[in-house]
Amino acid sequence: MNIAIIGTGYVGLVSGVCFATQGHKITCVDIDTQKIQQINSGISPIYEKGLESLLKKHKNQIHATTSYDEAIQQSDITFICVGTPSKKNGEIDLTYIDQATKEIARCIRDKKRWHAVIVKSTVVPGTTRDIILPLLEEETGCTAGKDFGVGMNPEFLKEGVAIQDFLNPDRIVNGYYDDRTQQLLKELYKGFTCPLIETSVTTAEMIKYASNCYLATKISFMNEIGNFCKHLGIDAYDVAEGMGTDKRIGRAFLNSGIGWGGSCFPKDTQALRAWAHKENQSASIIDSTIHTNDTQPLKAITLLKKHFPTLNGKTIGILGLAFKPDTDDIRDSRSLVIIKELLKEKADIKTYDPKAMPHVKNIYPNITYCNTAEEVLDSEAVIIATLWDEFNSLSYQGKTVIDGRRIQKAQQEATIYEGVCW
Ligand code: UGA
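Everything in this summary refers to the structure shown in the same document. (Residues numbered from 1 in each chain as written. Predicted model: local features only at pLDDT ≥ 70, side-chain atom pairs only at ≥ 80, totals over all residues. Heavy atoms only, no water.)

**Brief notes about a nonpolar patch on the surface**
So, point 1. Nonpolar side chains collect at one region of the surface, where F228, L232 and I234 lie side by side and expose about 310 Å² of accessible area between them.
So, point 2. Structurally, the position occupied by I234 is in the loop between α9 (201-232) and α10 (236-244).
So, point 3. Overall, the relative accessible area of 40% leaves I234 in the partly exposed class. (Patch = residues over 30% accessible without salt bridge, like charges linked within 9 Å, V, L, I, M, F, W, Y side chains within 5 Å. Areas by Shrake-Rupley, 256 points an atom, 1.4 Å probe, with all protein chains shown as cover. Salt bridge = Lys/Arg side-chain N within 4 Å of Asp/Glu carboxyl O. Helix = DSSP H or I, 4+ residues; strand = E, 2+ residues; numbered from the N terminus. Buried < 20%, exposed > 50% of the residue type's maximum accessible area, 1.4 Å probe, protein only.)

**What to know about the site of the ligand**
So, point 1. Around the ligand sit 20 residues, and of these L157, E159, K208, N212 and C264 come closest.
So, point 2. Contact distances for the ligand include 3.0 Å between an oxygen atom and a side-chain N or O atom of E155.
So, point 3. A distance of 2.9 Å is found between an oxygen atom of the ligand and a backbone nitrogen or oxygen belonging to N255.
So, point 4. In the complex, the protein chains occlude 90% of the 720 Å² of accessible area that the ligand would expose alone.
So, point 5. Of the pockets mapped on this structure, the ligand occupies the largest pocket.
So, point 6. For the shell around the ligand, the secondary-structure elements that each account for two or more residues are α9 and α11 (265-278). (Near = heavy atom within 4 Å. Polar contact = N/O pair within 3.5 Å; in protein donor to acceptor, adjacent residues only side chain to side chain. 1 Å grid on protein atoms, 1.4 Å probe; cavity = no way out; pocket = protein on both sides within 12 Å on 5 of 7 lines; lining within 4 Å. Sits in = over half its atoms within 2 Å of the grid points.)

**Some points on the packing of aromatic side chains**
So, point 1. Applying the stated rule across the entire model yields 9 aromatic pairs.
So, point 2. Each ring, one from F166 and one from F192, has its centre 6.4 Å from the other, and the planes form 70°; the classification is edge-to-face. With F166 in helix α7 (residues 162-167) and F192 in the loop between α8 (179-188) and β8 (196-199), the pair connects residues that are 26 residues apart, well separated along the chain.
So, point 3. An aromatic cluster is present here, built from F19, F79, F166, Y189 and F192 joined pairwise through their rings.
So, point 4. Across from the ring centre of F156, 3.5 Å away, lies the NZ or CZ of R171, which sits over that ring.
So, point 5. Above the plane of the ring of Y47 lies K355, whose end atom (NZ or CZ) is 4.7 Å from the centre. (Phe/Tyr/Trp six-rings, centres within 6.5 Å; stacked < 30°, edge-to-face > 60°. Lys NZ or Arg CZ within 6 Å of the ring centre and 35° of its normal.)

The structure is reproduced here in structure tokens:
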């Protein structure tokens, strides 16, 4: 199939490259000319394990351009993969969706052949049916379902393992407005053996939000239980093992600590809550999920102050800045919350992260960035904030460690050791 992908951010580029591995021909569209040049030279503008090598391998099937016309005229199906950031009040910001939809409409208006428009960006339930579809009809003067197709196909990609998640998914969700789009999406994913859920576009949107909000809630719930465990002097990971063996619960996403960050859980929980409030719906569970996550990183500071009541002038090390290992992404990273608190307390901060330091330097240029994790250990106390594998092999002998992610070697070796939930 010939596929146009609008937006070459994380979701767009990973999807485009993975569709290419299935034999499809991809045209990526972006307004950023630097990104276009990079993609056309086989360079990935973002860091994601395995992405660049696949991009190089399938170079002949992937072309990037700034022209919507070029991409849409020669394709059968267009995926909208632009960003849907949060507004200040937590609501979803549809500016990029609106711009992309209008551009796509302009192109399909001039196109002779039938074309399907599929939303892959995460949008709150109702957006495709009540905003994108009417906008496409208005701008084209055509009828959805008759003159062009509409679908919603959410992604379930975890940063760091996105290629693996795309190529070996747990499920594929195809939301469709019209039968022809249903058949097209089915054909597109015919090489996959996982369960296929075919549903309405609004149900597909809700599946995406409900999945992310549920996973965030699962972690927040475990963090609350973890706080009880700490109070009782027991280990939340032993409790997680005991719970996780129940097939109805499952062990995944029961790792307690200093909470969740990243580009999805914080944005999606806030967007669904804001949508619920606007619709006069109660969102008390999502409210509590967010509240627990906001306060969880502060537990590390409380434990630190148990040993250093005044942090003024103390050198505190932070191991890890990325929101999780194997990425350079710092969006809503719990480390940033910890840095902010420590600076309020006038502590001197030393930090190290294998990938994310350049991004944090832009926000906090005046803290000390170390070349190695060992240098950070030369502090009065160290907070472990990201579960990078290399932190598992450091020597913690004689150190004071506040562990937000549970590094067993630190637990065994440190002179003073405090786990957040264990
Ligand atoms: C998340 C979802 O897992 C994906 O399925 C989804 O497609 C994606 O959002 C998205 O909407 O695009 P991601 O944000 O890449 O993926 O990261 P996760 O691996 O889910 O981790 C999120 C946060 O939860 C991290 O800060 C991680 O440290 C934390 N976490 C995860 C825990 O604190 N405990 C756990 O047990 C698991």
